[in-house]
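# Report on the structure
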Amino acid sequence: MLTYILRRLLYMIPVMFIISILVFLTIQLPPGDPITKMIENQRLQQGRVFSEKDIEMMQARFGYGDPLPVQYTKWIGNIVLRGDFGYSFYKREEAGKVIADLMPLTIAISLGSFIFTWIVALPIGVLSAVRQYSIADYVFTFIGFIGLAIPNFLLALILLVLGLTTFHTSFTGLFSSAEIQQAPWSLAKVWDLLKHAWVPMVVIGTGGTAGLIRIMRANLLDELHKPYVETARAKGLSEMRLLVKYPLRHAMNPFVSGFAYLLPYLVAGEAIVAIVMNLPTEGPTLLNSLLNLDVYLGGGILLLISFMTLISTLLSDILLAWLDPRIRYGN
Amino acid sequence: MADTLIDVKDLRIHFFTDEGVVRAVGGVDLAITRGKTLALVGESGCGKSVACRALLNIVHRPGKIVSGEIIFHRMFHQSSGSGSDASVDIAELNPKGREIRDIRGKEIAMIFQEPMTSFSSMYTIGNQIMENILLHTNLSKQEARILTIELLDKVGIPKPSRLIDEYPFRLSGGMRQRAMIAMALSCSPTLLIADEPTTALDVTTQANILDLMQNLQKQYEMTLLFITHDLGVVAEIADEVAVMYLGKIIEKSDVFTLFNSPAHPYTQALLKSVPKIAMTREALDPIKGMVPNPYSRPSGCPFHPRCPKAFAACKTIVPKTTSLGLHHTVQCLLYEDVTERQATEALS
Ligand SMILES: Nc1ncnc2c1ncn2[C@@H]1O[C@H](COP(=O)(O)OP(=O)(O)OP(=O)(O)O)[C@@H](O)[C@H]1O
Ligand SMILES: [Mg+2]
């Protein structure tokens, strides 16, 4: 098991290398060099003029004017060796700091919606399978398809309107006010976060929930009549113990592997929800940085998200191997 | 009858599917003698598996036991040595209830056809065998483990103290079937049902497993219900044979009578269709026709469309069980007074 994990960690190095090249090429794609572009933008929009010295400093720092491989080496070298992601021209802050500020909340929201998805989808999926074609099965199937059909941002909008009209609170953002968001972490801040965070968690979670219910139901239905279930029943196990120990355990795999796609799904797919709900997460920031040619911030986010996807893939694979001996033995 | 362990009376099991009702078992009468081996033979799809699952009341949806009795004559041994008979009708018990669950795996155990898939791949075989022991006895985990190792040794698994912690998919089919037998024996059942336990195995392994089962049956003084469609296996292990066709027992007798003087045309055809080494290819005589569609069973005698000796009455009159000897019964109009049957049929 340990060698398996070590091997997987080693594999990550070349994969990460390739990803970093792709990300680098992506941020080079817009025409012109980002620094000139930024200076131009700043001059046009804010009338801000950089001194020659500033410009030279920036160009030296990122190596503009050098051939691409050298630029790449400098960029990735700064990140790997010094954790320096470069400068966000749009936010006028170190890109690394912008990313670091958003990452904990992004992860919290993803985990929260994942847990929400699990808590809802698992029992409903099991119920729909065990009581196939019952009224409950039809009702949940119906609700599930509606959940699947409604785009999440629409659900977000509906909830926002409902919040404002009936509950007279705003469901946007993750904190009551900007002051709290800026304030250092405290119990009060966590409480405030919890009060706001459930709405986006539910909104983002529902999209996945409907799909997962269908997967769980189909998987479990496949397992329920397998010979090993009959063997266990012939031993005299009670139906509940039987269900939990055998078919449910066999049907769990897709649940666990879903874990790996959580972060990219949230950042890429749910950016619209995050924009609608004004969430301080990586998704909208990534979109903005790409729109504003804020290449270092965008590149840094892409790089980190890829890295964390690799990590969570590894985690879910370890979890799968732990759950399923066939995977452990490589069958 | 004192020496009858299980008495099945007019058992009917129907599957209620969207396409219609499948009468998988259509009125089976069968007595299983204590301590003997009864072989249940018949073509694929005739209802053998469904019928024997009913003995544990594990017929699953859309199947249902619609009528009939399965009287299980349990013996409770008392200190005086005499046993008292406490019968229970298995067909009547709640399939999810305590009572039937106490019988399953303890008094009636079952071995299934597919050694590959009959164990769960998520748990070690030790875990799955011990589960049965822990469920039905008061043994501790340690004791159950020791017992399991003993059982694995007994069924011929090498290095049992190591293999107990192996996962099923790491064992060969034969080993798995041995482990399955060990699991079935773990609580010393009165009745062991084996549903084609050797069909999925190669010939050598098949012979070994058959030997093993015969030995264990003697050792444990078990009653064995052996389901197969291999008449060679029947000849080797059975004391009695019941022949099933389309959900009915059409002939039952001791093994010698059945092989020497089969009464039912279906049994005769079945015996003729078995290849023998001395036979030429042309002499092999498969039963003509196909097994009828399960949704529309033939009227009258279910075998009449394929029967070489069928006559007009076979199309309309359902044969009754006729006794031909002490332990020999058959369901065929050849052995009934047809004119009398027609007369009674016309009256009603
Ligand atoms: N789930 C089900 N739904 C509908 N019909 C079923 C179902 N299970 C079994 N049957 C019907 O019951 C009949 C008997 O099946 P069974 O499995 O008992 O046959 P068998 O004699 O054991 O055959 P085999 O030798 O192939 O194991 C079949 O003809 C089939 O049509
Ligand atoms: Mg069968």
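Report follows, based on the coordinates.

Conventions and cut-offs
Residues numbered from 1 in each chain as written. Chains lettered and ligands numbered in written order. Predicted model: local features only at pLDDT ≥ 70, side-chain atom pairs only at ≥ 80, totals over all residues. Heavy atoms only, no water. Near = heavy atom within 4 Å. Polar contact = N/O pair within 3.5 Å; in protein donor to acceptor, adjacent residues only side chain to side chain. Areas by Shrake-Rupley, 256 points an atom, 1.4 Å probe, with all protein chains shown as cover. Helix = DSSP H or I, 4+ residues; strand = E, 2+ residues; numbered from the N terminus. Buried < 20%, exposed > 50% of the residue type's maximum accessible area, 1.4 Å probe, protein only. Contact = heavy atoms within 4.5 Å. 1 Å grid on protein atoms, 1.4 Å probe; cavity = no way out; pocket = protein on both sides within 12 Å on 5 of 7 lines; lining within 4 Å. Points joined across faces, edges and corners; volume = space filled by probe spheres on them. Nonpolar A, V, L, I, M, F, W, Y, C, P; charged D, E, K, R; others polar.

Moving on, we get to the site of ligand 1. Residues and elements named next belong to chain B. In the region of ligand 1, 16 residues are neighbours, and Ser44, Gly45, Lys48, Ser49 and Val50 sit closest. Interatomic distance of 3.1 Å between a backbone N/O atom of Gly47 and an oxygen atom of ligand 1. Lys48 places a polar side-chain atom, nitrogen or oxygen, 2.9 Å from an oxygen atom of ligand 1. Here ligand 1, which alone exposes 630 Å², has 73% of that area covered by the protein. Put simply, the parts of the chain that give the shell around ligand 1 at least two residues each are β1 (4-17), β2 (20-33) and α1 (48-54). Here the shell around ligand 1 takes 3 residues from α1, the largest share from any one element.

Residue and element names in this part refer to chain B. Following the sequence through the fold, Glu240 ends up in strand β9 (residues 240-245). Classification of Glu240 by relative accessible area gives buried; the value is 11%. A polar atom in the side chain of Glu240 sits 3.1 Å from the side chain of Thr33. Once residues lying within four places of it in the same chain are set aside, the contact partners of Glu240 are Thr33, Thr37, Leu38, Ala39, Lys252, Ser253, Asp254 and Val255.

Moving on to the side chain of Glu282 of chain A. Relative to the assigned elements, Glu282 of chain A resides in helix α16 (residues 282-291). Those residues in contact with Glu282 of chain A, other than ones at most four positions away along the chain, are Ile99, Leu102, Met103, Thr106, Val267 and Ile301 of chain A.

Let us look at the layout of surface pockets. Of the volumes computed, that of the largest pocket is approximately 1,200 Å³. Taken together, 34 residues make up the lining of the largest pocket; nearest its centre are Val130 and His225 of chain A together with His60, Arg61 and Lys96 of chain B. Listing elements by their share of the lining of the largest pocket, those giving two or more residues are α5 (95-130), α9 (187-224), α10 (227-234) and α11 (239-245) of chain A together with β1 and β4 (63-77) of chain B. Each residue belonging to the lining of the largest pocket can be placed in one class, and the counts come to 20 nonpolar, 6 polar and 8 charged.

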